[in-house]
Amino acid sequence: MTIEKMRVQVELACNDEADFEETMALLDSHIASHPENAEYLRMRIAMFDAAYDHISAWKDRKVLALLQPEDLDNQLEILARQHKSAYWITDEVFEEKMRALFPDEGGDEDEDDDGEEYEEGEVSEHEDDEDTEDEPVDPALLAAREALEKEAASYSEQLEQQAMYGFVQLMKEHATDAGKADKILAAWSEANIWNPWLRYSMILQALAVQPDSVEFKKERARLLVAICDAVEEDSAKAPPGFFEHMILGRMHAHTVYEAINAIDEIDNLEDADLLTQKGHLLKALDKYPAAADAYRLAAKAYEAALQNSGEEEQEILNLRLQEVLQEADTCQGGRASIHARHFAELENSMAQLGQLSTSLRNQEVSFSDRTEAMANLKSALGEWQEQSSNMPEEPGELEMQEIKSAAAKVASSTVGLVSWEHIDIVPMEKAAFKDEMHPWLDEMQQAMAKTDMQFLSWFQNMANVLILKREAPGASWLAPTQEFALLIEAAGNARLKRCVSLLSDGSLLLTSDARSSSYYLSGPRVHSFALFKSTPVTDMLALHEARLHAHLARQPGVEVRTITDLADIEEFENLLRTHAREFRLAYGITDPEIRGMNVQFNDVYAHELKREVAERLAALQAG
């Protein structure tokens, strides 16, 4: 059968118009006879996908990748499927091992111990033997099973990690081609992978070779918007660096400002969605007139899109246009208007929910239970309304005293960070550190052994030792290119990971895991970005490298300086202290830092804190 006839036969089989099994057998025969022909392999992949046998399709795609390594679409399908089906791939890989340990498990439930099958409803002669007890399982077998399950879980996680880093590697190879780079980002999104740090790495890889690309600038802005409300773990109190908005929830202050700046950096922006997001972020910062302006710009973008849209799109675009116009009018009315609208929307949702609950006839949920649930929701809604309506626009006398007291304390600690002392980085031996530090240091050593980073030295930052009055062990690794170093440090219960780079213009690039532990910044000469403590070190390394190359692409003439020894790391630490000091002396305390302190009556508190900091800095410089 020719390829064309085979293709027709496969299409008929996939549409249930030809015998599927016969077609598959015929296709298998052709593949066996012509293993070098990729077209037959593609047909079998289509058949496997039609039968929802995605694992077999994934295996064939891997063979296809050997025949046609230049096929980017196929490579992306392999990675997406590997990430989606990591559990099922693992299950298949470990099935024989598990069966070898427990051969009696996994059999047909309708088959008796002697192998005889029974019809549904028929009783086995052994089934009514109530005195039969399960034989005890050998503890060694149970231990072996537990170890195998742990190995399988690790294998599944490795499959997912390999898939994600496969996307990153493809972006490195194809970043110069805008079409392919866009295709890689789209495939990542379609695979529903949530790892914002690696996605950010890929976007920055594209910007490193195409720094003026509007589309990749938009991707960067969208990513920053998406992670504004990302939290490491839920807690009763907002962690340092985060603030809470009564309607929009908990957000990371510095990222909110950074996302707004990223949107503003795009010239002549006519992206309605990004302009809408800018409005949301400004509303979260209580900048209501500016938010209204952003929503009106979004409305203009939707009006322009309507002129070039088809009938199917117009309904959705019109709906969104009305939404942003309403948002603009609401923001123009200030906080009271925003809270009133939000309450009205909640009441409407409650009414719809009530109608839905009465129309449903769920036998498992009694009418009284539904009534109680609705009453509880209405009570919570009433409490929210009372709390929001009773929240004063300005602090009273007691609140003002608390604000001034808090501002004085924070100003004192802020100015206390200003230092002219030189930082010494002292080489150490790991054996000299206290035993309590070794588990984490050992864990980090094992993690770094899986990377291409090269170990440099154990050390202590003597400034930390002096401040904390305790041992502060650290370790350092260098990138193969020596463009950056990874530093890890411990002191008491504190743990810190940082990727650092020195630049030829005297500025620094810093990627840390302090996203939920600090609201302080170090100024415009320190290009910093913070991740969560739980972020894998490999993700941090990938993001820092991508940030470095993207930054250099935006700064013609600036080069990265190599880091080769502890003296370079000591220079980094002292430059970091210098830049932070100069920033503090010049700017005092900034709005993103203050917002990250999550204090009620932010504007009043900001005024008091800025005044307190300015007075203390003036006294410090005068002395």
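Residues numbered from 1 in each chain as written. Predicted model: local features only at pLDDT ≥ 70, side-chain atom pairs only at ≥ 80, totals over all residues. Heavy atoms only, no water.

Turning our eyes to something else, we now look at the overall build of the protein chain. Looking only at helices and strands, one finds 23 helices and ten strands in the protein chain. Considering the protein chain as a whole, with its 623 residues, one finds that 43% of them fall into the buried category. In the protein chain, of all internal contacts separated by at least 6 residues, the share reaching a separation of at least 24 is 64%. In the form shown here, the protein chain has an accessible surface area of approximately 34300 Å², with 49% of it arising from carbon and sulfur atoms. (Helix = DSSP H or I, 4+ residues; strand = E, 2+ residues; numbered from the N terminus. Buried < 20%, exposed > 50% of the residue type's maximum accessible area, 1.4 Å probe, protein only. Contact = heavy atoms within 4.5 Å. Areas by Shrake-Rupley, 256 points an atom, 1.4 Å probe, with all protein chains shown as cover.)

We now examine the pattern of salt bridges. One pass over the full model with this rule turns up 38 salt bridges. Between Glu-608 and Arg-611 there is a salt bridge, and its shortest N-O distance comes to 2.6 Å. Here Arg-611 and Glu-608 lie together in helix α23 (residues 602-622), a separation of three residues that amounts to about one turn. For Arg-611, a relative accessible area of 31% corresponds to the partly exposed category. Through salt bridges with shared partners, a single ionic network connects Arg-199, Glu-215, Lys-218, Glu-219, Arg-222 and Asp-271. (Salt bridge = Lys/Arg side-chain N within 4 Å of Asp/Glu carboxyl O.)

All right, on to the nonpolar core then. Most often, soluble globular proteins have nonpolar side chains that are buried together. Membership of the largest hydrophobic core comes to 95 residues, with the highest contact counts inside it found for Phe-167 and Leu-486. The biggest single contributor to this core is helix α13 (residues 288-307), with ten residues. Apart from the residues within four sequence positions on either side, Leu-486 is in contact with Met-448, Met-453, Ala-475, Ser-476, Trp-477, Arg-498, Cys-499, Val-537, Met-540 and Leu-541. In terms of nonpolar packing, the next biggest core, distinct from the first, is built from 17 residues, Phe-459, Ala-463, Leu-510 and Phe-572 among them. (Core = buried A, V, L, I, M, F, W, Y, C linked by side-chain atoms within 4.5 Å.)

In low-pLDDT segments, the atomic positions of the prediction should not be examined closely. Per-residue confidence for the protein chain gives a mean pLDDT of 89, with 88% of residues at or over 70. Across residues 107-121 the pLDDT falls below 50, and counting only partners more than four positions away or on other chains, this stretch makes ten contacts in the model. (pLDDT = per-residue confidence, 0-100.)

Okay, the environment of Met-202 next. If you trace the backbone, Met-202 turns up in helix α9 (residues 196-209). Taking the C-alpha atoms as reference points, Met-202 and Ala-175, 27 residues apart in sequence, are found 8.4 Å from one another. Beyond its immediate stretch of four places on either side in the chain, Met-202 contacts Phe-167, Val-168, Met-171, Ile-184, Leu-185 and Trp-188.

Attention now moves to the packing of aromatic side chains. For any pair of aromatic rings, geometry is given as the distance between the ring centres together with the angle between the planes. Enumeration according to the criterion identifies eleven aromatic pairs in this entry. Relative to Trp-477, the ring of Phe-455 has its centre 5.4 Å away and its plane inclined at 75°; by these criteria the two rings are edge-to-face. Highlighted residues: Phe-455 in strand β4 (residues 454-461) and Trp-477 in strand β5 (residues 473-478), separated in sequence by 22 residues. Given the relative accessible area of 38%, Phe-455 is considered partly exposed. When its relative accessible area of 3% is taken as the criterion, Trp-477 is described as buried. (Phe/Tyr/Trp six-rings, centres within 6.5 Å; stacked < 30°, edge-to-face > 60°.)

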